[in-house]
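What follows is the residue order along each chain.
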Amino acid sequence: MTASPWRALANRRMLICVLTGFSSGLPLYLLLNLVPAWLKTEGLSLKAIGAFALIQFPYTWKFVWSPFLDRYALPLLGRRRGWMGLTQLLLLAAIAWLGTLSPTAELGLVVGLTALVAFLSATQDIVLDAYRRELLPDIELGIGNAIHVNAYKLAGLVPGSLSLVLADHLPWSQVFLVTALFMAPGLAMTLMVREPVVAAGAPRTLRDAVVEPFREFFGRHGMRSALVVLSFIFLYKLGDSLCTALATPFYLDMGFTKTEIGLVAKNAGLWPSVIGGLLGGLWMIRLGINRALWVFGVVQWLAIYGFAWLAWLGPAESDTLRLAVLAGVIGLEALGVGLGTTAFVAYMARTTHPAYTATQLALFTSLMAVPRTFINASAGWLVEFLGWFDFFMLCGVLAVPGMLLLVKVAPWHAPRESAS
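By convention here, each chain's residues receive numbers from 1 onward along its written sequence. Since the coordinates come from a predicted model, pLDDT governs what is reported: local features require at least 70, and pairs of side-chain atoms require 80 or more to be given and counted, while whole-chain, interface and lining totals use all residues. For the side-chain quantities, the full set of heavy atoms in the structure was used; hydrogens and water were omitted.

1. Some details on the overall build of the chain
Our working definition: For the purposes of this entry, the term helix denotes a DSSP run of H or I that reaches at least four residues, the term strand denotes a run of E that reaches at least two, and both are numbered from the N terminus. Burial classes: relative accessible area under 20% of the type maximum marks a residue as buried, over 50% as exposed, and values in between as partly exposed (1.4 Å probe, protein chains only). In this description, contact between two residues means that some pair of their heavy atoms is separated by no more than 4.5 Å. Accessible surface is estimated by sampling points in the Shrake-Rupley manner with a 1.4 Å probe; for residues, cover comes only from the protein chains shown.
A tally of helices and strands in the chain yields 23 helices and 0 strands. Here the chain holds 420 residues, and 50% of them are scored as buried. Sequence-distant contacts in the chain: of pairs separated by 6 or more residues, those separated by 24 or more amount to 85%. Surface accessibility of the chain: about 18800 Å² in total, with carbon and sulfur atoms responsible for 69%.

2. Overview of the pattern of salt bridges
Spelled out, the test is: We count a salt bridge whenever a side-chain nitrogen from Lys or Arg sits within 4 Å of a carboxyl oxygen from Asp or Glu.
Per the counting criterion, the structure on display carries 4 salt bridges. For E134, the salt bridge identified is with R79, shortest N-O distance 4.0 Å. Placement of E134 in helix α7 (residues 107-135) and of R79 in helix α6 (residues 79-98) is noted, with a sequence separation of 55 residues between them. There is no split in this pair, since E134 and R79 are both buried.

3. Considering the nonpolar core
Spelled out, the test is: Residues belong to a common nonpolar core when they are buried Ala, Val, Leu, Ile, Met, Phe, Trp, Tyr or Cys residues joined through side-chain atoms within 4.5 Å.
Among the nonpolar cores identified, the biggest contains 47 residues, and L30, L31, V35, W38, L98 and F176 are the most heavily contacted of them. Per-element tally for this core: the top contributor is α7, with 12 residues. Setting aside chain neighbours within four positions, we find L98 in contact with V35, W38, V110, L113, T114 and F176. Within the second largest apolar cluster, 38 residues are counted, among which are I139, I233, M284 and L339.

4. A look at the packing of helix α2 (residues 12-41) against α6
Stated formally: Whenever a helix is involved, its axis is fitted only over the stretch in contact; in every case the axis is a line through C-alpha atoms, and angles between N-to-C directions fall within 0 to 180 degrees. For classification purposes, an angle smaller than 35 degrees is called roughly parallel, one larger than 145 roughly antiparallel, one from 65 to 115 roughly perpendicular, and anything else oblique. Take the far helix as the reference: if the near one is turned anticlockwise from it by less than a right angle, the crossing is left-handed, and if turned clockwise, right-handed. Amino acid classes used here: Ala, Val, Leu, Ile, Met, Phe, Trp, Tyr, Cys and Pro are nonpolar; Asp, Glu, Lys and Arg are charged; the rest, including Gly, are polar.
Look at α2 against α6: their axes get within 12 Å of each other, and the N-to-C directions meet at 10°. In terms of axis orientation, α2 runs roughly parallel to α6. As for the relative orientation of α2 and α6, their crossing is left-handed in sense. Contacts between α2 and α6 pair S23, P27, L30, V35 and W38 from the former with Q88, L91, I95 and L98 from the latter. Its residues placed into classes, the contact of α2 with α6 shows 7 nonpolar, 2 polar and no charged.

So far we have only geometry, and geometry alone does not tell us how the molecule works.
Pasting the structure below:
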């Protein structure tokens with residue numbers, strides 16, 4: 001019997017995914033949006049504010065300490081819920097404390113506390129990813145991860161919008177306190193839910209927690225197949241990621257004003273991504289993860305050529321036509337990202353072993369971030385050498401190898417996930 005997508009939404013696990021996504025996204029967007037605004041109004045230089053980007057280092061290297069979370073359980077709540085509750089409680093306290101400091105008089109303490117928030121946030125991400133994988137049956141990985149990712153994005157509206165509005169009316173200490181209290185729903189969820197039952201159990205030693213995730217992964221797939229899987233994780237979103245690395249400079253070169261870009265991107269970018277993620281999760285219940293990777297990957301790939309089309313058109317004469325074209329390109333790209341990311345995250349979750357969920361997921365997500373972190377640094381050089389149109393055509397070519405690897409890692413005719 002075919003599973004009902006709508007029935008999949010009407011269960012307690014989906015509400016838990018909303019709260020895990022919101023709790024995961026809030027600290028990151030606080031660091032990206034609210035902290036820079038706070039530092040600027042408190043009189044710090046742009047150079048000093050820019051240096052604060054280095055505090056995001058823990059997000060890239062979280063796999064280093066992820067084995068500790070697989071191996072050790074805290075005395076209360078269990079292996080997953082214990083770490084979830086501790087990080088959420090400490091994040092609530094650290095964010096509230098941050099607003100009581102003076103960036104000019106206590107800069108060292110501010111740097112240390114923001115770095116602590118980043119570390120706690122990355123640690124929370126590790127354990128929330130592991131908990132969600134252990135909570136969801138395979139057939140719900142798509143919709144559950146879609147809901148998590150979209151709640152993650154919507155969490156950015158608190159520090160990026162609500163808190164900034166409050167800052168015009170309240171002192172910063174109260175603004176940070178109100179923002180910190182938005183961690184409370186996630187903490188309440190942690191206290192109310194059950195620890196997932198995992199037959200494999202925790203690794204017996206720290207050495208097992210560090211070594212066995214690699215040994216198990218390569219042993220399960222075989223060396224050649226494991227390298228194919230890792231290559232796929234690296235390549236699947238390479239073209240899409242490189243394509244958007246210089247999106248805003250591209251729009252400016254096409255003659256759009258900053259106001260036009262801001263207004264169109266806000267509406268044509270956020271909501272298609274959210275809607276695409278949710279529809280992708282529902283659609284994946286019928287398609288299965290493998291076929292979703294093919295279908296959504298094609299949408300993601302075609303979105304790249306939307307940028308090439310805009311570059312080929314160049315600046316349009318009609319204001320209405322110009323904005324319609326810009327909205328169409330941004331909306332298609334956001335839809336492709338929403339669909340592709342939903343299937344991709346579900347695939348990575350399915351690929352983990354229950355005994356080493358935290359470590360293997362942290363490794364996969366770190367590998368996924370490598371193109372964004374390193375390959376995208378070459379985007380400016382490539383645009384100067386090739387021009388915008390040829391650059392986007394190259395991005396489309398770079399998306400092909402990841403799609404071709406689907407023949408090996410996610411065959412179209414493979415058995416679909418069961419509901420058990």
